[in-house]
Amino acid sequence: SSGINAEYGEEWSEDVVLFTWTSFLVNESWPLTGLSELLRVPEDIPLNVVSLICTFDYEHRLRVFQKTSHSCSVCFEEHIGSVCLEFLPCGHVFCKTCMKGFFEVMIGEGSVSAITCPSDKCQSSALPNQVKELVDPATYERYERFLLQRTLDQMLDVFKCPRRLCENFVVKDSDTDMASCNDCGYIFCVLCQKSWHGTTNRCEVKSGKYAEICRIFNEGSEQDRQLLYRRYGRSQVDEIVNNMETFKYLQANSKPCPTCSAMIELDTGCNKVLCSVCQGYMCWLCGEKLPQKDPYGHYSRASGSQCVGKLFLGTIPPEWDDEGEW
C-alpha cells in the first residue's frame, strides 16, 4: 500500500474518480504491491474461505433472483422469482407450477434422463434438490431409484444380484463374466444371471429365445453381435441363426404331412404331393390325407371336396413331351 500511496496518493488526493480507481486496481496495482506471483494464504485464515465466499455469492444472487420478476417460457406469464426455478448453467427460468407437472410426468414415465431444461435444444439438467422441492416424497423416491439405476447401468462392471431376496449390487470379476455377491454368497454369470458355469461353457439358450437372438443378430449393431458371440459362443449363435432362416423358409414354402408330420415342400407338378418319409399322399391346398389307391379322385366332382378342379391351381404344370406324356 505504501508503494501505491507514493505513486498515486498525491495525484488522486484532490479528485478521485471511481472508474479510474477501479481500473487501476484491476490492471495496474499488482506491480506496486511488491508481492510475488504466488500468493500464500496465512495459516490463521480459515481454509474454507473460498467456500464461504462462493456461498455468500450464491445466496446473494438467490436473494436478487427471488425478488425479481421473470417470464415463464411454458405458461408465458410473469412470476416473482420466489415461485420460479432457474436451470443452471443455462439460466433459463420457469415457474415452479409448470416444472412440477413436467417433473411428475417425466418421473412417471421413468425418463429421469429427460428431466432437462424444457428450452429447445438445451441440455441443462435439473438438480436433485430442485426435483425434491417440487414433487411429493413418493415421487422423489421413485426418481432417486431411477437415477441410481441409470448411474449403475453406466458402470459396466456393476450388476445386481439375481436372487430376489438379495438384489445387492456386485462388482464383476475383471477377467471373466463371473460375479460373487458379498451379502448372500451367490456366484453367478453376469450375462445369463444363472449360477456360474465356468469360462469354457457358454450361457444356456432356450428355444424361446431363438427369434430374439436372430432379431438382434440381423438388426443390431456389430457391438450387439459381438455380445451375442461372447454370451452364447460364435458356433452356437451361427447355428441358431442358420436354423431359424431354414425354419422361416420351411414355414413359408412347406407344409406338414398329415400322416407323419414331416415337412413337405411343393416344387413343380400338381397339388397332389408325395411324402418322401412315409410315402403317403396329401393335398397341398387343403392339407388333407389322400387315399393311396386313387389320390387324384380328391380333385374330381364326385369327391365333393373343396379342391374339385384345382389339381394344378397355383402350380407350374409339367410340360408335355412330343409323345403326349408328362
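Only a predicted model underlies this, so the values are computations on that prediction, with no experimental measurement involved.

Asker: Can you explain the overall build of the chain? Please cite residues and give values.
Answerer: Secondary structure summary: the chain contains ten helices and 13 strands in total. With 326 residues in all, the chain has 27% of them scored as buried. Pairs at least 24 residues apart make up 33% of the contacts formed inside the chain by residues separated by at least 6 positions. In the structure as shown, the chain presents an accessible area of about 22900 Å², 52% of it carried by carbon and sulfur atoms.

Asker: Could you give an account of unusual backbone geometry, naming the residues involved and the relevant values?
Answerer: Omega for the peptide link from Leu88 to Pro89 comes to 5°, which places this bond in the cis form. Here Pro89 is to be found in the loop between strand E3 (84-86) and strand E4 (93-95). At Gln193, a residue that is not glycine, the phi angle is positive and equals roughly 65°. You can see Gln193 is positioned in the loop between strand E8 (187-189) and helix H8 (210-219). Here Gln193 falls in the partly exposed class, since its relative accessible area comes to 31%.

Asker: Run through helix H7 (residues 137-153), naming residues and quoting values.
Answerer: The terminal C-alpha atoms of H7, which comprises 17 residues, lie 24 Å apart, in line with the 24 Å expected from a rise of 1.5 Å per residue. If you check which residues of H7 are buried, you get Thr139, Tyr140, Tyr143 and Leu152. Where H7 is buried, its residues touch helix H5 (96-108), helix H6 (128-134), strand E5 (158-160) and strand E6 (169-171). The N-capping residue of H7, defined by a side-chain oxygen 3.1 Å from the backbone nitrogen of Ala138, is Asp136.

Asker: Any details on the pattern of salt bridges? Residues and values, ideally.
Answerer: If you walk through the whole model with that rule in mind, you get seven salt bridges. Here Glu219 and Arg215 are joined by a salt bridge, their closest N and O atoms 3.9 Å apart. Placement of both Glu219 and Arg215 in helix H8 is noted, with a separation of four residues, approximately one turn of the helix. Judged by relative accessible area, Glu219 falls into the exposed class, the value being 62%.

Asker: Describe the nonpolar core, and please don't skip the residues or the numbers.
Answerer: Of all hydrophobic cores here, the largest spans 22 residues; its most connected members are Ile213, Tyr232 and Val237. Every element with two or more residues in this core is listed here: E8, H8, helix H9 (222-232) and helix H10 (234-253). For Val237, the residues in contact, after removing those within four places along its chain, are Ile213, Phe217, Leu228, Tyr229 and Tyr232. Counting residues in each nonpolar core, the second largest holds 19 residues, with Phe94, Cys117, Ala126 and Val135 among its members.

Asker: So, the packing of H8 against H9: which residues are in play, and what are the values?
Answerer: In a pair of packed helices, the angle between the axes and the distance between the axes together describe the arrangement. Look at H8 against H9: their axes get within 8 Å of each other, and the N-to-C directions meet at 140°. In terms of their interaxial angle, H8 and H9 are classed as oblique. Judged by residue contacts, Ile213, Ile216 and Phe217 of H8 engage Asp224, Arg225, Leu228, Tyr229 and Tyr232 from H9.

Asker: Run through the sheet that holds strand E13 (residues 289-290), naming residues and quoting values.
Answerer: As summarised here, the arrangement of the three strands in space is E11-E12-E13, forming an open sheet in which the pairing is antiparallel. A single partner strand is all that each edge strand has here, and the edge strands are strand E11 (272-274) and E13. Of the strand pairs in this sheet, E11 and strand E12 (residues 281-283) are connected by three bridges, and their pairing is antiparallel. The residue of E12 that forms the bridge with Val273 is Met282.

Asker: Could you give me a rundown of the environment of Lys160, with the residues and numbers involved?
Answerer: Within the fold, Lys160 resides in strand E5. Look past the residues within four positions of Lys160 in its chain and what remains in contact with it is Gln149, Glu167, Asn168, Phe169, Phe188 and Gln193.

Asker: Which residues make up the side chain of Ser124, and what values go with them?
Answerer: Inspection of the secondary structure assignment puts Ser124 in the loop between H5 and H6. Residue class for Ser124 comes out buried when judged on its relative accessible area of 9%. Within the local environment of Ser124, its side chain forms a polar contact with the backbone nitrogen of Cys90, the two atoms lying 3.5 Å apart. In this view, Ser124 contacts Phe87, Leu88, Pro89, Cys90, Thr116 and Cys117; residues no more than four positions away in its chain are not counted.

Asker: Break down H8 for me, citing the residues and quoting the values.
Answerer: The complete set of buried residues in H8 reads Ile213, Cys214 and Phe217. Mapping the buried residues of H8 onto a view down its axis gives an arc of 95°, with all of them on the same face.

Asker: Run through the packing of aromatic side chains, naming residues and quoting values.
Answerer: Across all of its chains, the model carries five aromatic pairs by this definition. For the pair Phe102 and Phe103, a centre-to-centre distance of 6.0 Å together with 45° between the ring planes defines the contact as tilted. Looking at Phe103, the relative accessible area reads 0%, which means it is buried. Centroid distance Tyr140 to Tyr143: 5.6 Å. Interplanar angle 35°. Geometry classified as tilted. Note that Tyr140 and Tyr143 are positioned in helix H7 at a spacing of three residues, about one turn of the helix.

Asker: So, the confidence of the model for the chain: which residues are in play, and what are the values?
Answerer: Within the chain, residue pLDDT values average 80, and 81% of them lie at 70 or more. Counting contacts from residues 320-326, a segment whose pLDDT is below 50, to residues more than four positions away or on other chains yields seven contacts.

Procedures and definitions
- Every chain begins its residue count from 1, and numbering advances along the sequence as written.
- Reporting of local features is limited, given that this is a predicted model, to residues whose pLDDT is at least 70; pairs of side-chain atoms are given and counted only at 80 or more, and all residues count toward the totals for whole chains, interfaces and linings.
- The side-chain quantities take in all heavy atoms of the structure and omit both hydrogens and water.
- A run of H or I in DSSP becomes a helix once it reaches four residues, and a run of E becomes a strand once it reaches two; helices and strands are each numbered from the N terminus.
- Per-residue accessibility, obtained with a 1.4 Å probe over protein chains only, is compared with the maximum for each type, and a residue is labelled buried under 20%, exposed over 50%, and partly exposed between these values.
- Residue contacts are counted whenever heavy atoms from the two residues lie within 4.5 Å of one another.
- Each accessible area is a Shrake-Rupley result for a 1.4 Å probe, and residues are judged covered by the shown protein chains and nothing else.
- Take the residue count of a helix, subtract one, and multiply by 1.5 Å to get its expected span.
- Identification of polar contacts relies on pairs of N or O atoms within 3.5 Å, with a donor-acceptor requirement for protein atoms, meaning one able to donate a hydrogen and the other able to accept it, and with residues adjacent in sequence counted only if both atoms are side-chain atoms.
- We define a salt bridge as a side-chain nitrogen of Lys or Arg found within 4 Å of a carboxyl oxygen belonging to Asp or Glu.
- Residues belong to one nonpolar core when they are buried, are Ala, Val, Leu, Ile, Met, Phe, Trp, Tyr or Cys, and are joined through side-chain atoms within 4.5 Å.
- To define axes, lines are fitted to C-alpha atoms, for helices over the stretch in contact only, and angles between the resulting N-to-C directions are given on a 0 to 180 degree scale.
- Throughout, the term roughly parallel applies to angles under 35 degrees, roughly antiparallel to angles over 145, roughly perpendicular to angles from 65 to 115, and oblique to all others.
- Paired strands are those between which DSSP finds at least two bridges.
- The arc in question is the one spanned by the directions pointing from the helix axis to the C-beta atoms.
- Aromatic contacts are taken between Phe, Tyr and Trp rings whose centres are within 6.5 Å, Trp giving its six-membered ring; a plane angle under 30 degrees counts as stacked, one over 60 as edge-to-face, and the others as tilted.
- The pLDDT value tells you how sure the predictor is about a given residue, anywhere from 0 up to 100.

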